[in-house]
Amino acid sequence: MLCAALFVTATHAQKKPATTGNDPLKTQAMADLQAGYADYKKVALQIWEYAEVGYKEVKSSALLQKTLSDNGFDVKAGVADIPTAFVATYGSGKPVIGILAEFDALPGLAQEATPEKKPIDGKNAGHACGHHLFGTASVAAGIELKKLIEQKKFTGTIKVYGCPAEEGGSGKVYMVRAGLFNDVDAVIHWHPGNENAVTMTSALANKSAKFRFHGISAHAAASPDRGRSALDGIEAMDNMVNMMREHIPQETRIHYVITNGGKAPNVVPDFSEVYYYVRHPKRETVIQIFDRVVKAANGAAMGTETTVDYEIIGGTHDLLLNRTLGEAMQKNLEKVGGVNYTPEEITFAQKLQTTLGFKAPAIESAAAIKPIKADEDAGGGSTDVGDVSYAVPTVGLRTATWVPGTPAHSWQAVACGGTEIGTKGMMVAAKTMAMTAIDLFTTPTLITQAKEEFLKDKGDYEYKALLGNRKPALNYRD
Ligand SMILES: [Zn+2]
């Protein structure tokens, strides 16, 4: 096993595509993007203000679309039956390079851009995963590549994908299912984070559903015998699933929230709803365990004399990594460098770190670049980029948009995202993505090798969306 791995690395090293010779273009791209910083910061902070949740990102999507069309892109909106999804295209012919842009916020995390917890009253959501930066950096990189194509520095097509509802809505899955990536040679993406690194960590495959129990309502004290509690259905189901945890593979993650447990204790609830996620590094295992969760739901309904039905809400693949592209991206990230803080930002960061409750990494680590990882593991999260990675060779990075130590989905992440700590980190991503795309446009062997690796890793697997044939769950946040 080890020998085989060494052999692959050695072969790789011999055939490494030469991506030099395009350095002046990269220097130009870095300078152009830096010159556009104030404009892109404005776009990102505007989307931070909007903070719209999955499939409701009307204003955020419109702003990114306008930014692209004002810069000469041909924008097709409402793709894959999703009103807020879009594909913006510039150029013609091969290669076709795609860049993913996300822009949805998370419910319940509205927060001021301050280093102490300050929720915003009356506001529903916040950018706790930094997708306002994600969308803006990707648009910025796209616009720079368009400029270079327009100046005839190279030929080909650049496509910016506006991808809604990453947080649980599986937006990209519908876009993959609709064949929107079929003509693309490579896809670049990124994600906000608390360090600068090329992503060589996979993701957990994930399948989610809402289970709805139906019972009979009755006065809970006067005639309880006439009622059949829909909430009992959920409790029996949850109990069975929790016992199941002992008998499933170690790496499995199952979590649920009761989204409707009835309205009043003195009324036997005739309706209840529980929202489940099932995750595991392997999608086959996710499918098997999900089927067992369905059995628990049916068993619970039988025992409580209620009925149950369920709606698949989301489903995403694990992430297929591409080392060829990862190594190319690493060189560019090292050239760009990380994020340096002003004295005011250091004060902000120090204050924020005291709220984390653990010893955070040094603030200066935001300026460092992590070496590329040798081993690939599954990581803890899930992403619908996984489905894109089974359609086309895909490469991504994360950059330090948050103070080192800041976890995703926290108020601290929202706070950082509303400051220049966030927007400076965003520019590291924009530059690195633009430069990696320059490599792809100017080095055909890089694409050939990335495709070889992709086909070898994908094997004979034929893509099948984990969420089946359902229409986009446009109201999953209602
Ligand atoms: Zn995210």
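Model, not experiment: these values are computed from the prediction.

Conventions adopted
- Residues numbered from 1 in each chain as written.
- Predicted model: local features only at pLDDT ≥ 70, side-chain atom pairs only at ≥ 80, totals over all residues.
- Heavy atoms only, no water.
- Helix = DSSP H or I, 4+ residues; strand = E, 2+ residues; numbered from the N terminus.
- Rg over C-alpha atoms; globule rule 2.2 N^0.38 Å.
- Buried < 20%, exposed > 50% of the residue type's maximum accessible area, 1.4 Å probe, protein only.
- Contact = heavy atoms within 4.5 Å.
- Areas by Shrake-Rupley, 256 points an atom, 1.4 Å probe, with all protein chains shown as cover.
- Donors = N, O, S within 2.8 Å, 3.2 Å for Na, K, Ca; no water.
- pLDDT = per-residue confidence, 0-100.
- Core = buried A, V, L, I, M, F, W, Y, C linked by side-chain atoms within 4.5 Å.
- 1 Å grid on protein atoms, 1.4 Å probe; cavity = no way out; pocket = protein on both sides within 12 Å on 5 of 7 lines; lining within 4 Å.
- Points joined across faces, edges and corners; volume = space filled by probe spheres on them.
- Nonpolar A, V, L, I, M, F, W, Y, C, P; charged D, E, K, R; others polar.
- Axes fitted to C-alpha atoms, helices over the stretch in contact; angles between N-to-C directions.
- Parallel < 35°, antiparallel > 145°, perpendicular 65-115°, else oblique.
- Phe/Tyr/Trp six-rings, centres within 6.5 Å; stacked < 30°, edge-to-face > 60°.
- Lys NZ or Arg CZ within 6 Å of the ring centre and 35° of its normal.
- Pairing = 2+ DSSP bridges.
- Polar contact = N/O pair within 3.5 Å; in protein donor to acceptor, adjacent residues only side chain to side chain.
- Left-handed = near helix turned anticlockwise from the far one by under 90°.

Digging into the overall build of the protein
So, point 1. Broken down by element type, the protein carries 14 helices and 13 strands.
So, point 2. Computed over the C-alpha atoms, the radius of gyration of the protein is 23 Å, within 12% of the 23 Å expected from 2.2 N^0.38 for a compact globule of 478 residues.
So, point 3. If one aligns the C-alpha atoms of the protein with their principal axes, the spans along those axes are about 80 × 50 × 45 Å.
So, point 4. Expressed as a percentage of its 478 residues, the buried residues of the protein come to 56%.
So, point 5. The long-range share in the protein, meaning contacts at least 24 apart out of those at least 6 apart in sequence, stands at 83%.
So, point 6. Of the roughly 20000 Å² that the protein leaves accessible, carbon and sulfur atoms contribute 54%.

A short note on the coordination of the zinc ion
So, point 1. Protein coordination of the zinc ion is provided by C129 (SG), H131 (NE2) and H191 (NE2), with donor distances spanning 2.1 to 2.3 Å.
So, point 2. Linear spacing of the donor residues for the zinc ion on their chain is C-x1-H-x59-H. Highlighted residues: C129 in the loop between β5 (125-126) and α5 (131-150) and H191 in strand β7 (residues 186-193), separated in sequence by 62 residues.
So, point 3. Given the relative accessible area of 8%, C129 is considered buried.
So, point 4. Overall, H191 belongs to the partly exposed group, its relative accessible area being 23%.

What to know about the confidence of the model for the protein
So, point 1. Looking at the protein as a whole, the pLDDT averages 94, with 96% of positions reaching at least 70.
So, point 2. The low-confidence segment residues 1-14 (pLDDT under 50) makes three contacts with residues lying over four places distant or belonging to another chain.

A few points about the nonpolar core
So, point 1. Among the nonpolar cores identified, the biggest contains 130 residues, and F181, F211, F213 and M237 are the most heavily contacted of them.
So, point 2. Of all the elements, helix α13 (residues 420-442) adds the most residues to this core, at 13 residues.
So, point 3. The contacts of F211, once residues within four sequence positions are left out, are M237, S272, E273, V274, Y276, F290, V293, V294, A297, V308, D309 and Y310.
So, point 4. The next biggest cluster of nonpolar side chains, apart from the first, holds five residues, and it includes W48, L106, A128 and C129.

Here's the deal with empty space enclosed by the protein
So, point 1. Counting across every chain of the model gives two cavities of 30 Å³ or more.
So, point 2. Estimated volume of the largest cavity: approximately 50 Å³.
So, point 3. Taken together, H189, T199, M200, L319, L320, L321, N322, T394, V395 and G396 form the lining of the largest cavity.
So, point 4. Top contributing element to the lining of the largest cavity by residue count: strand β13 (residues 394-400), with three residues.
So, point 5. Split into classes, the residues belonging to the lining of the largest cavity amount to five nonpolar, five polar and no charged.
So, point 6. Roughly 40 Å³ of internal volume is contained in the second largest cavity.

Some details on the packing of helix α4 (residues 58-70) against α5
So, point 1. Interhelical geometry of α4 versus α5 gives an angle of 10° and a closest axis separation of 10 Å. Regarding the angle of α4 to α5, the classification is roughly parallel. Residue-level inspection shows L64, T67 and L68 of α4 in contact with α5, the latter providing G135, T136, V139 and I143.
So, point 2. Grouping the constituent residues of the contact of α4 with α5 by class yields four nonpolar, three polar and no charged.

Considerations on the packing of aromatic side chains
So, point 1. Applying the stated criterion across every chain yields a total of 13 aromatic pairs.
So, point 2. Plain terms: the ring middles of F290 and Y310 are 5.9 Å apart, the flat faces sit at 65° to each other, and that makes the pair edge-to-face. On the criterion of sequence distance, the pair formed by F290 in helix α8 (residues 283-304) and Y310 in strand β12 (residues 307-316) is long-range, its members being 20 residues apart.
So, point 3. You can call Y310 partly exposed: its relative accessible area is 40%.
So, point 4. Ring pairing ties together the aromatic residues F211, Y256, Y276, F290 and Y310, which thus form one cluster.
So, point 5. Note that K123 overlies the ring of W48, its terminal NZ or CZ placed 5.6 Å from the centroid.
So, point 6. A cation over an aromatic ring shows up here: K210 above the ring of Y275, its NZ or CZ 5.0 Å from the ring centre.

Side note on the sheet that holds β13
Paired through backbone hydrogen bonds, the strands of a sheet run either parallel or antiparallel to each other.
So, point 1. If you trace the seven strands from one edge of the open sheet to the other, you get β1-β2-β6-β3-β7-β13-β8, paired in mixed fashion. The open sheet is flanked by β1 (74-77) and β8 (197-198), the only strands paired with a single partner.

Describing the sheet that holds strand β9 (residues 205-214)
So, point 1. Within the open sheet, the four strands sit side by side as β10-β11-β9-β12. Their pairing is antiparallel. Only two strands of the sheet have a single neighbouring strand rather than two, namely β10 (253-260) and β12. Strand-to-strand twist in this sheet, taken as the mean axis angle between neighbours without regard to direction, amounts to 20°.
So, point 2. One ladder, built from ten bridges, connects β9 with strand β11 (residues 271-280); its direction is antiparallel. When the sheet's bridge partners are listed, A205 is paired in β11 with H280.
So, point 3. Strand contacts of helix α7 (residues 230-244): β9, β10 and β11, with the helix running at about 20° to β11, the strand carrying the most contacts.
So, point 4. The strands touched by α8 within the sheet are β9, β10, β11 and β12, with β9 carrying the most contacts at an inclination of about 10°.

A look at the side chain of H131
So, point 1. Take H131: it is sitting in helix α5.
So, point 2. The class for H131 is buried, based on a relative accessible area of 0%.
So, point 3. A distance of 2.7 Å separates polar atoms of two side chains, one belonging to H131 and the other to D104.
So, point 4. Aside from chain neighbours lying at most four places away, what touches H131 is E102, F103, D104, E166, E167 and H191.

Focus on the packing of α7 against α8
So, point 1. Relative orientation of the contacting elements α7 and α8 amounts to 140°, with a least axis distance of 8 Å. Our classification of the angle between α7 and α8 gives oblique. α7 and α8 meet at a crossing whose hand is right-handed. Counting all contacts with α7, which are made through D232, G233, A236, M237, M240, V241 and M244, the residues of α8 involved are R292, V293, A296, A297, G299, A300 and T304.
So, point 2. A per-class count over the contact of α7 with α8 returns nine nonpolar, three polar and two charged.

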